[in-house]
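Residues per chain, in single letters:
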Amino acid sequence: MPLLNVHCRPLPTGILVTVTGELDVTNAAELESLLEGATPPGEPMVLDLGGLTFMDCGGLHLLMRQQDRLRRQAARLHVAAAHGSPAVLLRITGVGDALTLHANLGQALDAVRRERPSPLRESC
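Description of the structure in this document. (Residues numbered from 1 in each chain as written. Predicted model: local features only at pLDDT ≥ 70, side-chain atom pairs only at ≥ 80, totals over all residues. Heavy atoms only, no water.)

This paragraph deals with the nonpolar core. The tendency in soluble globular proteins is for nonpolar side chains to be buried as a group. With 24 residues, the main nonpolar core has Val19, Leu23, Met45, Leu47, Met55 and Leu63 as its most contacted residues. Of all the secondary structure elements, the ones that give two or more residues to this core are β2 (15-23), α1 (28-38), β3 (45-55), α2 (57-72), β4 (77-80) and α3 (84-93). In this structure, Leu47 is in contact with Val17, Val19, Leu35, Leu63, Leu77, His78, Val79 and Ala80, ignoring residues within four places of it in sequence. In this structure, Leu16, Val46, Ala81 and Ala108 belong to the second largest nonpolar core, which totals 8 residues. (Core = buried A, V, L, I, M, F, W, Y, C linked by side-chain atoms within 4.5 Å. Buried < 20%, exposed > 50% of the residue type's maximum accessible area, 1.4 Å probe, protein only. Helix = DSSP H or I, 4+ residues; strand = E, 2+ residues; numbered from the N terminus. Contact = heavy atoms within 4.5 Å.)

Here it is in structure tokens:
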């Protein structure tokens with residue numbers, strides 16, 4: 001199984017998930033489970049792929065399912081810093097056109113800051 005490292009950090013609104021290594025069908029389900037448990041309902045997620053060196057169709061499907069899940073909660077998935085073979089895969093499959101992509105992590109974090117706060121957080 002390829003090595004995949006994941007680090008989660010809460011943001012003022014949402015969560016930052018940094019993924020490094022290789023994402024494929026052998027570890028996508030485990031990452032998906034972690035993402036679903038780590039994201040507060042209705043909050044955006046920034047997925048930093050700057051350290052991702054490989055991604056296959058398992059990773060593509062994971063991104064699309066996470067985007068759909070967050071949309072159902074009125075939240076957004078921000079994909080940051082995809083480069084190398086993962087960026088090529090996003091481009092040639094057209095999946096990148098369906099995602100909110102940012103060239104780097106700073107741009108993604110700025111976009112999240114501009115989003116409206118979650119109603120759940122406001123009521124606390």
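Turning our eyes to something else, we now look at α3. Taken residue by residue, α3 has Pro86, Leu89 and Leu90 as its buried positions. One face of α3 carries all of its buried residues, which in axial projection span an arc of 95 degrees. For α3, exposure combined with an orientation more than 90 degrees from the buried face picks out Arg91 and Ile92. Looking at the buried positions of α3, the neighbouring elements they touch are β3, α2, α4 (95-98) and β5 (100-102). (Arc of directions from axis to C-beta.)

Another aspect to go through is the pairing of β3. Pairing of β2 with β3, which is carried by 8 bridges, proceeds in the parallel orientation. In the strand pairing of β3, Leu23 is matched with Met55. The parallel pair β2 and β3, bridged by α1, forms a crossover whose chirality is right-handed. Crossover connection from β3 via α2 to parallel β4: handedness right-handed. (Pairing = 2+ DSSP bridges. Right-handed = clockwise from strand over helix to strand, strands pointing away.)

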